[in-house]
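Survey of secondary and tertiary structure
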Amino acid sequence: MLKKSLVLLLVIASAVSSQAQQFKVLLFTKTAGFHHESIHEGVDGVRKLAARHNFTVDWQENASVFNEKQLKDYAAVIFLNTTGDILNEEQQAAFEKFIQSGKGWVGIHAAADTEYEWPWYTKMVGMMFKIHPSQQTAYLDVVDSNFPGLERFPKRMIWTDEWYEYQKPYKSNDLKFLIGLDEKTYDPKTKWGDNEGKGMGDFHPMSWYHKYDGGRAFYTGLGHIGLVYSDQSFLDHLYGGIYWAATGKGIK
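The name an unreviewed UniProt entry gives the chain is ThuA domain-containing protein, with Dyadobacter frigoris as the organism.

Another aspect to go through is the pairing of strand β6 (residues 136-142). Burial of the side chains of β6 is restricted to one face: Gln 136, Ala 138, Leu 140 and Val 142 are buried, whereas none of Thr 137, Tyr 139 and Asp 141 on the reverse face is. The sheet contact formed by β6 and strand β7 (residues 156-161) spans six bridges and is antiparallel. Bridge assignment links Gln 136 to a residue of β7, and that residue is Asp 161. Pairing analysis gives four bridges linking β6 to strand β9 (residues 176-182), with the strands arranged antiparallel. When the sheet's bridge partners are listed, Tyr 139 is paired in β9 with Asp 182.

This part covers the nonpolar core. By size, the foremost hydrophobic cluster in this structure holds 78 residues, and its most contacted members are Phe 66, Phe 79, Phe 95, Trp 105 and Ile 242. Take this core: its biggest share by element is eight residues, from helix α6 (residues 232-247).

Moving on, we come to the environment of Leu 27. Relative to the helices and strands, Leu 27 is located in strand β1 (residues 24-28). Separated by 20 residues in the primary sequence, Leu 27 and Arg 47 have C-alpha atoms spaced 9.5 Å apart. Apart from the residues lying within four places of it in its own chain, the contact partners of Leu 27 are Val 43, Val 46, Val 57, Asp 58, Trp 59, Gln 60, Ile 78 and Leu 80.

What the rule picks out here adds up to seven salt bridges. The residue Asp 58 makes a salt bridge to Lys 24 at a minimum N-O spacing of 3.6 Å. Separated by 34 residues along the polypeptide, Asp 58 in strand β2 (residues 56-60) and Lys 24 in strand β1 bring together distant segments of the chain. Residue Lys 24 is classed as partly exposed on the basis of its relative accessible area, which comes to 28%.

Cis geometry is adopted by the peptide bond preceding Pro 169, which originates at Lys 168 and carries an omega value of 0°. Tracing the sequence through the fold places Pro 169 in the loop between β8 (165-166) and β9. Notably, His 109 is not glycine yet its phi reads approximately 50°, a positive angle. Summarising the element assignment, His 109 is placed in the loop between β4 (104-108) and α5 (119-125).

In this section: the sheet that holds strand β3 (residues 76-80). Strand pairing in a sheet relies on backbone hydrogen bonds, with the paired strands running either antiparallel or parallel. The nine strands lie next to each other as β2-β1-β3-β4-β13-β12-β9-β6-β7, forming an open sheet whose pairing is mixed. The open sheet has two edge strands, β2 and β7, and neither has a second partner. Neighbour-to-neighbour, the strand axes of the sheet open up by a mean angle of 20°, direction not taken into account. Across the sheet, helix α2 (residues 39-53) lies against β1, β2 and β3, angled at about 160° from β2, the strand it touches most.

Reading guide: rules and limits
- Residues numbered from 1 in each chain as written.
- Predicted model: local features only at pLDDT ≥ 70, side-chain atom pairs only at ≥ 80, totals over all residues.
- Heavy atoms only, no water.
- Buried < 20%, exposed > 50% of the residue type's maximum accessible area, 1.4 Å probe, protein only.
- Helix = DSSP H or I, 4+ residues; strand = E, 2+ residues; numbered from the N terminus.
- Pairing = 2+ DSSP bridges.
- Core = buried A, V, L, I, M, F, W, Y, C linked by side-chain atoms within 4.5 Å.
- Contact = heavy atoms within 4.5 Å.
- Salt bridge = Lys/Arg side-chain N within 4 Å of Asp/Glu carboxyl O.
- Axes fitted to C-alpha atoms, helices over the stretch in contact; angles between N-to-C directions.

This is how it looks when you write it as structure tokens:
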């Protein structure tokens, strides 16, 4: 009888603990190309956000988690500095169904340097990586503050990072831009063989979101340097994206 009571108490405690969490996300960091040293700092940063904002995060580098049975437990999936071809066709199909079921995706920095040959993914990201110059300090400008996490983000802020230039034309034409990069405040020129970067012109996006194929997608180009994952402004920005992707809430 005592044993049964203990088992019942454990079940109840587990249920209460589970209910106490707002939502559950999968943090995915597999790389098949360049491996960012900042990934582990990024994992620590997301875990701290989970502790601060009362949600559950599972960290995985093994793509086998991308199946319908396991993905159904998550409200959103975060691609943190993923690179290259990281999912096979079966895993891609499971992830597409996940988004189509009304779930969310968050992409950080090199998530735009991932799965170039998967058209569905590139349209979800919205813009894909082309090239970047050396790390520099520049100014960021908030172009739309009507998004969670940008309440305390300054309208204009000095920032040091690895500034991605993205391919044109955009992969999706419904992107809602949140943060732009002032190209007058840094040198965008660079060249890698035949690949040449000159900047993006009148407007250089660094963060955006859109509804996609029944679900939600948020991306930020910030996040190359490890120390940004302990910067409160960035963490506010990142949690806003996670919160919206997981719940659909936060936009007036």
